[in-house]
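# Inside the fold
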Amino acid sequence: MQEYGLRKYVPRKSKTCIICGKHFITNQYQKKYCSKKCKRKANTKTQNAKREKRGFDPLISNHFPKEIDVDFHHIHFNLPFVIPIPKDLHQQKNGNVESHFRIANEWVEFYYDINVNDLLEVC
Ligand SMILES: [Zn+2]
Ligand SMILES: [Zn+2]
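Going along each chain's sequence as written, the residues are numbered from 1 onward. Think of it this way: whatever chain is written first is A, whatever ligand is written first is 1, and the rest follow in order. Only residues with pLDDT of 70 or above have their local features reported here, since the model is predicted, and side-chain atom pairs are shown and tallied only from 80 upward, although totals for entire chains, interfaces and linings are computed over all residues.

Okay, helix α3 (residues 97-112) next. What counts as a helix is a DSSP run of H or I of at least four residues, what counts as a strand is a run of E of at least two, and both are numbered from the N terminus. Expected span of a helix: the number of residues minus one, times 1.5 Å. Across its 16 residues, α3 extends 22 Å between first and last C-alpha, which sits within 8% of the 22 Å expected from 1.5 Å per residue. Think of it as a crowd count around each C-beta: if 20 or more other C-beta atoms lie within 10 Å the residue is buried, if 12 or fewer it is exposed, and in between it is partly exposed, with C-beta placed from the backbone throughout. Turning to α3, its buried residues number three or more, namely Ala 104, Asn 105 and Val 108. Seen end-on, α3 carries its buried residues on one side only, within an arc spanning 100°. Relative to its buried face, α3 has exposed residues pointing more than 90 degrees away, namely Glu 98, Ser 99, Glu 106 and Phe 110. Of the residues trailing α3, Asp 113 is marked for its positive phi of about 60°. Directions are taken from the helix axis to each C-beta atom, and the arc is the one they span.

This is the structure in structure tokens:
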């Protein structure tokens, strides 16, 4: 039997990037994008789709100086209302969704003097 290089056994597939439509060769089964740039674009797309689904209705406009990266935090998981909070604070990875809401909403109360629970009762 003939010896083949190991490379030969790695299946390579030609795929089409679902963002820009460019063809690319990969051996990664799940790869859908030709480049990091396209992957980033796709992430923004899903984020926007999520926003659209839930709605995006700022209760307060962003008044942070532009040196501060800001995220819009949804004060409730199925309501469209959002409040600008610093991105660092918003993206703290602390496990579950519940603690995300608790921490972010506590901060909203501290900073804007808005009690989210009171607010939701009024709605
Ligand atoms: Zn692409
Ligand atoms: Zn949030």
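Read on, since the account is not over.
A few words on the pairing of strand β4 (residues 70-74). Sheet analysis places β4 next to strand β5 (residues 81-86), joined by five bridges and oriented antiparallel. Across the sheet, residue His 73 finds its bridge partner in β5, namely Ile 83. Pairing between strands is defined by DSSP: at least two bridges between them are needed.

Within soluble globular proteins, side chains that are nonpolar generally end up buried alongside one another. Nonpolar core, as used here: buried Ala, Val, Leu, Ile, Met, Phe, Trp, Tyr and Cys residues forming one set through C-beta atoms within 7 Å. Core analysis: the biggest nonpolar cluster contains eight residues, these being Ile 75, Phe 81, Val 82, Ile 83, Ile 85, Ala 104, Val 108 and Val 116. Only β5 and α3 provide two or more residues apiece to this core. The element that contributes the greatest number of residues to this core is β5, accounting for four residues. Beyond its immediate stretch of four places on either side in the chain, Val 82 contacts Phe 56, Asp 57, Pro 58, Leu 59, Phe 72, His 73 and His 74. By the criterion used throughout, residues are in contact when their C-beta atoms, derived from the backbone, lie within 7 Å.

Even without glycine at this site, Asp 113 takes up a positive phi of about 60°. Structurally, Asp 113 is set in the loop between α3 and α4 (116-122). Using a count of 7 C-beta atoms within 10 Å as the deciding quantity, one classes Asp 113 as exposed.

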